[in-house]
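Reading the structure
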Amino acid sequence: MRTSSRWVLILVVLLAMALGSCANARNNLGNGNVWVATQGDQKLTSFSINLTTGALSSVGNPVATGATPAGMVMTPDQKTIFLANSGDNSITAYSINSDGSLKAVSGSTSTLIQGPSGCASNCTLGQMPAALAIDPGGKFLFVADQGQPSNPMIPGGVSVFSISGTSLSPAGPGCPSGFTQTACPILLTDPTTGFSTGPSGIAISPVSFSCGSTGSETCNALYVANQFSNTVSGFQYFVDSSGAFHVLPTGGSPYTAGTNPTGLAFSRCAGVSSANAHCTTNDGNNLFVTNSGSGNLMIFTACIQAVGSCAVADGSLLASPGTATTGIGPIAVVANPLINFVYTVDRGSNQVSQFSYSPITAVLSALSPAAVSTAQNPMSAGITGNGRILIVSNNATSNMSVYTITQPPSSGGSSTATGKLVPAGQPTVSLSGQPSAVLVR
């Protein structure tokens, strides 16, 4: 009997140890990385972030950027970061070390393409790069070039580059006659005035679909928020068998948005066709758009799969009932990768608005509270891959705001306040000069 009791005791101890190990694994999630570009000193700084608490610590030394860094993106293999610099119309590249520190690649890639004398008095393409996106295969980098309003010689467009490691080479559609370059940006101008539409945000469909005149090509969809014309443009792009790059507008493009659209982001399960750990199916293929002038967040249905209201997969956009009021001047939108919540960076009111959304009805619902305060002039935000930490760059106060996100019970979090932002134990992190773009993994 004593022997039996001893075995019971051992089993109880082993079970307790196993449960403790599970709890530790769930609560000790390791570290991620945060990279933030600062405009005042033209630096890109690396941090390690605790994925449970949100505590940040610097990693390595800052590296130089170009003038006025504005947008940042990481390749799908997580080996390279590209940064758009709107002040000198350049793209700088960085390789990512194992600890998250960066090594700057020598030189930079210009987005500028000068036209011939007959091109509207030497028109210049590729000015003021504002945002970046990389296609799912990691083959192409797309750059939203804002251009200038009311100036036909500086039109807006999307520069396209082929990616080879940390190197970029122009890969857009063919240039008009007289250009010395063979590849030019996708021009985005008002058809009547020739003025820039103000490309300010950009997104690529997470999945491809059949396209072309015979349906034999494989396309992805490209979406651009046009700040000056209050529209979102949609395109199909593909590379044919000869290696030529093609881009075609989607049916109905451009699509009417609110006033001054700026930020774009897909919903977390967009493009999913088979169940995975976090998505049982696609979630309506929602494309979120922030309208900085009208102070709202809206949703389009992206027809990147032939499901629901989309009869065919052609990249076109359908209006949905999903529109919700934000704070003043929403400039960016971030989708939680694990739960159905989105967050907008409201630059004019120094806050982050927080919403849940229905993947079935595409209806947005404000959480309570509807927003949390940041420091002054927030410009960008990023969320960790585990959906637990949100980082916001505050340009005017030279710091970052750090928030933890209440998780649902199924992910080991609290049973209340699911999806809400709460200031982390280290709520702000000071920087040396005017942070703009932030990237989080």
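Residues numbered from 1 in each chain as written. Predicted model: local features only at pLDDT ≥ 70, side-chain atom pairs only at ≥ 80, totals over all residues. Heavy atoms only, no water.

A separate point is the side chain of Thr-374. Secondary-structure assignment places Thr-374 in the loop between β29 (364-373) and β30 (378-383). Apart from residues lying up to four places away in sequence, Thr-374 is in contact with Asn-350, Gln-351, Val-352, Val-392, Asn-394, Ser-401 and Tyr-403. (Helix = DSSP H or I, 4+ residues; strand = E, 2+ residues; numbered from the N terminus. Contact = heavy atoms within 4.5 Å.)

For the protein, the average pLDDT comes to 89, and 89% of its residues sit at 70 or higher. Here residues 1-28 is modelled with pLDDT under 50, and outside its nearest four sequence neighbours on either side it reaches five contacts, counting other chains as well. (pLDDT = per-residue confidence, 0-100.)

What follows deals with the sheet that holds strand β3 (residues 56-64). Strand order in the open sheet formed by four strands is β3-β2-β1-β34, with antiparallel pairing between adjacent strands. In the strand order of this sheet, the two ends are held by β3 and β34 (435-440), each with one partner. Across the sheet, the mean angle from the axis of one strand to that of its neighbour is 20°, orientation sign disregarded. Here strand β1 (residues 31-38) pairs with strand β2 (residues 43-50) via eight bridges, running antiparallel. Looking at the pairing, Ala-37 lines up with Leu-44 of β2. (Pairing = 2+ DSSP bridges. Axes fitted to C-alpha atoms, helices over the stretch in contact; angles between N-to-C directions.)

The four strands are arranged β30-β31-β32-β33 in an open sheet whose pairing can be described as antiparallel. Because the sheet does not close on itself, it has two edges, and the strands there are β30 and β33 (421-430). For this sheet, the mean inter-axis angle between neighbouring strands, taken without regard to orientation, is 20°. Pairing of β30 with strand β31 (residues 389-394), which is carried by five bridges, proceeds in the antiparallel orientation. Bridge pairing links Pro-378 to Asn-394 in β31.

Attention shifts here to the state of the cysteines. Evaluated as defined, the whole model comprises four disulfides. Across a sulfur-sulfur distance of 1.9 Å, Cys-211 and Cys-219 are joined as a disulfide pair. Taking the torsion about the S-S bond as the criterion, the Cys-211 to Cys-219 disulfide, at about 80°, is right-handed. For Cys-211, a relative accessible area of 4% gives the class buried. (Disulfide = S-S within 2.5 Å. Buried < 20%, exposed > 50% of the residue type's maximum accessible area, 1.4 Å probe, protein only.)

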